Every structure is written in structure tokens, then in C-alpha cells.
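# Report on the structure
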Amino acid sequence: LGLMSLFSAEAGARKVYCIEGSQIASAAEEVIRRNGKSSVVTVIRGRIEEAVIPEGKVDVIISEWMGYFLHYEDMVPAILTFRDKYLSNDGGLMFPSHARMWASLYSDAKWYDARIRYWEDVYGFDYTPLISKVVEEQFMNPERQHLRDIGVVSEPNLLHSIDMYTATLDDVKDIRAIIDSKVTRNATIHGIAFWFDVLLEGDEHRVLLDTSPKAGYTSWSQVVWYVRDAFNVTRGQDVKGSFAMLRTERGEFDVAVRLISPSRVELEAFDQSPSTMFQNLYERLSFEHGIYEGDKGRFDWKKTGNGLVDIASRLQLGFIAAGVSAFAVGWMVGRCNY
């Protein structure tokens, strides 16, 4: 809704172009007008790769393009196309300028057992025949979760890095990495955790936006890919394997992880996008509303208020918030007043 554009105008940009491809562009225009920035900020309706900038070049490009597995939003190709057409060759800046994707072995016995052992006693009934189906369906693809730092049990492994000044389209079409790290403590491994960080670097300031479990809550949270069979590890063991993420012609991704140590693991998911990313909505809302209790467990159920009524109200608010968030991410480019 033009927030980055408003920030840019407040920071002193002479001219700002807010590029918005959805119908929310009209609302962004109204927000910008109400805040007295219409003379500085111009909303351009359309896709960024098709936008036409009247002044020909811009000094700064700001975009919040990051998604699950860093690239699932598939916005980088459009940004690179725009960069090549419009970013000034005389010290033009991009925010963020660099991004990195990381992975680590992950342990979370309570959450894993809650997914599986729940079916052993469903209101007094034995539903164990469903366990294999649950494992097949829920552990088949990566999912979004708010992960705990205590669950990270191997050294973070760099999978991918991208320099937004020099990257090409080929750099995001075929991403491959070697997994080579060490286990940091004895644990039972239930999955592999993924996250990213991005660098925002200007002439005077440098800020790293970290979305790892140790960073606490962020709107991106993290990704976890559960393994079908949990396995034990000991401190100092080698973690070795490979990672691959291939972009399809439809802008979706095929992802594969293979471990050969400390246990053999093969994970594959095809045609992945934000719409394929499973998330426990109540978990997210509970985290955001302060029910999450960190090391004491996933949730403090005593804080959930009036049972189902309270949960339902949270879910309703959550869907409204999610609907707004889906349209709130836009693009901003600007001209600085030197």
C-alpha cells in the first residue's frame, strides 16, 4: 500500500515511482494523497518488468521480493529486468543488495510427536491407521513454521547467495549447493530448516535483515522439511549432502535435498510456489498473539481465552490480515535529490 514509497518520500527523495501490479493500486494512491505525498510519489499500475519510467533512469530500487525458500515468490527475474533497463549506472543502489539462503538439521520432538502420536488417541479412539497417510501428505513438501533456535542442531550451511547488482536470470534458474557442516549437539533429527538473510547497504549504513530462528519472530518465519524417519545424531558428526532448486517455465520450483551423512535422506518436491506451502494458521496466530511459550513448549493453552470462540475470532482476524498482506507488497523506485 505504498509504505516504502512514503518512507522514501519522507527520507527526501525528489521523485518516487510506486509500481503496483494489483487492483490495490487505487487504494495506494488514496493513501499517498491523504499523507500529502502526491507531488512526490506517482503510482504506476502494472507489472514492474513492463513499467515505463518517464525520467529514464532511477537512482534507487527498493523491493521486498523475498519469499519462502527465498525465491518462491519468483520476483527476482522481474527485478533484474527492471534493473537492467532503469538503474542508474552512476552509483545506482538496490535494496536489498545481497541475499543468502541457509539450511540446518532441525530437532523438535514435541511438535513431531504432536503430529504423529495425536492419532494414537483421538478422543479415546485408535486412529493409528491414518499415521502413514499423515506422514505421506504432511511431510511430503516443505512447510512454513516459526522455528525455535534451540532446534537448530548443526552449523548453518550456506546454500545460495545472490548479488542483486550483478545477478543474471540464469543465477536463479538453477541453484545447486553442497551440504557440508557439523552437528553441534546430540539430538534426534526430525527435519531440515531453511531461512534467509538479506543485506541493505547504503553509503553510510549497513543493516542485515536476518530471518533465522535465532532472530525471533519475522513475517517470513522459516521453512522446515520433515523427514519421514527421524534419526539420531551426535555432536561432531559430519553433515554431508546436496541441495538443488530448479525454476520451471511456469515460475515454480522443483526442490531436492539429499543427505548421505549422518543418515541417508532423500527429499523431493515439484512445482513448488507460495500456494503449495503448508502452514498451521493457528500456530502462526498464536505466535503473533503471544501464546507461544518458547522453550516451555509450543503454546500455553491457558492463554487461549474462551476456547473455540476465541480461536474462531483469531482465525477470522487472521484471514483478514492475510488478505491485506497479500496485496501490501509493492515496488518502489526513486530519484534522489543530489
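Residues numbered from 1 in each chain as written. Predicted model: local features only at pLDDT ≥ 70, side-chain atom pairs only at ≥ 80, totals over all residues. Heavy atoms only, no water.

So, about the sheet that holds strand β14 (residues 265-272). As summarised here, the arrangement of the four strands in space is β8-β12-β13-β14, forming an open sheet in which the pairing is antiparallel. Either end of the sheet is taken by a strand with one partner, and the two such strands are β8 (174-182) and β14. Between one strand axis and the next, the sheet turns by 10 degrees as a mean value, whatever way the strands run. Note: β8 against strand β12 (residues 238-247), nine bridges, orientation antiparallel. Across the sheet, the residue bridging to Ile-178 is Ser-242, located in β12. (Pairing = 2+ DSSP bridges. Helix = DSSP H or I, 4+ residues; strand = E, 2+ residues; numbered from the N terminus. Axes fitted to C-alpha atoms, helices over the stretch in contact; angles between N-to-C directions.)

Counted according to the given criterion, the structure contains two cavities of 30 Å³ or more. When its volume is computed, the largest cavity comes out at roughly 80 Å³. Along its surface, the largest cavity is lined by 13 residues, and Gly-67, Tyr-68, Phe-69, Phe-196 and Val-223 are the ones closest to its centre. Every element with two or more residues in the lining of the largest cavity is listed here: β9 (187-201) and β11 (222-233). Top element by residues in the lining of the largest cavity is β9. It accounts for three residues. Residues of the lining of the largest cavity, tallied by class, amount to nine nonpolar, four polar and no charged. Quantified by volume, the second largest cavity comes out at close to 60 Å³. Elements with a minimum of two residues in the lining of the second largest cavity: β5 (98-106) and β8. By residue number, the principal contributor to the lining of the second largest cavity is β5, which donates three residues. Per-class residue counts for the lining of the second largest cavity are six nonpolar, four polar and no charged. (1 Å grid on protein atoms, 1.4 Å probe; cavity = no way out; pocket = protein on both sides within 12 Å on 5 of 7 lines; lining within 4 Å. Points joined across faces, edges and corners; volume = space filled by probe spheres on them. Nonpolar A, V, L, I, M, F, W, Y, C, P; charged D, E, K, R; others polar.)

We now examine the confidence of the model for the chain. Looking at the chain as a whole, its pLDDT mean stands at 84, while 82% of the residues score no less than 70. Across residues 291-338, where pLDDT falls below 50, the model places 105 contacts with residues more than four positions away in sequence or in other chains. (pLDDT = per-residue confidence, 0-100. Contact = heavy atoms within 4.5 Å.)

Right, let's talk about the pattern of salt bridges for a bit. Considering all chains together, one arrives at 20 salt bridges under this definition. Close ionic contact of Arg-34 with Glu-30 constitutes a salt bridge, the shortest N to O distance being 2.9 Å. In this pair, Arg-34 and Glu-30 are both assigned in helix α2 (residues 25-34), four residues apart and thus about one turn of the helix distant. A salt bridge links Glu-50 to Arg-47; its shortest N-O distance comes to 3.8 Å. Accessibility expressed as a relative area gives 54% for Glu-50, which makes it exposed. A cluster of three or more residues bridged by salt bridges with shared partners is formed by Glu-30, Arg-33 and Arg-34. (Salt bridge = Lys/Arg side-chain N within 4 Å of Asp/Glu carboxyl O. Buried < 20%, exposed > 50% of the residue type's maximum accessible area, 1.4 Å probe, protein only.)

All right, on to the packing of aromatic side chains then. Scanning the entire structure with this criterion turns up ten aromatic pairs. Pairing Tyr-118 with Trp-119 gives two aromatic rings, centres 5.0 Å apart and planes at 85 degrees, and the pair type is edge-to-face. Aromatic ring contacts, followed pair by pair, group Phe-69, Tyr-72, Phe-194, Phe-243 and Phe-253 into a single cluster. In this arrangement the basic side chain of Lys-15 is found over the ring face of Tyr-17, its NZ or CZ atom lying 5.7 Å from the centre. (Phe/Tyr/Trp six-rings, centres within 6.5 Å; stacked < 30°, edge-to-face > 60°. Lys NZ or Arg CZ within 6 Å of the ring centre and 35° of its normal.)

Let us look at helix α1 (residues 3-10). Among all positions of α1, only Ser-5, Leu-6, Ser-8 and Ala-9 are buried. All buried residues of α1 project into a common sector of 160 degrees when viewed along the axis, lining one side. Projecting away from the buried face of α1 at angles above 90 degrees are the exposed residues Leu-3, Phe-7 and Glu-10. Just downstream of α1, Gly-12 is the residue with a positive phi angle, here 110 degrees. (Arc of directions from axis to C-beta.)

Here the focus is helix α4 (residues 109-116). Those residues of α4 lying buried are Trp-111, Tyr-112, Arg-115 and Ile-116. All buried residues of α4 lie within an arc of 130 degrees about the axis, which places them on one face of the element.

Its place among the elements puts Phe-194 in strand β9. Placed 17 residues apart in sequence, Phe-194 and Thr-211 show a C-alpha to C-alpha distance of 9.5 Å.

Following the sequence through the fold, Gln-222 ends up in strand β11. Since its relative accessible area comes to 3%, Gln-222 is described here as buried. Here Leu-147 takes part through its backbone nitrogen, which lies 2.7 Å from a polar atom of the side chain of Gln-222. (Polar contact = N/O pair within 3.5 Å; in protein donor to acceptor, adjacent residues only side chain to side chain.)

The next point concerns the pairing of strand β1 (residues 15-20). The element β1 is largely enclosed, with a buried count of six among its six residues. Examined bridge by bridge, β1 and strand β2 (residues 41-45) share five bridges and lie parallel to one another. What sits directly across from Glu-20, in β2, is Arg-45.

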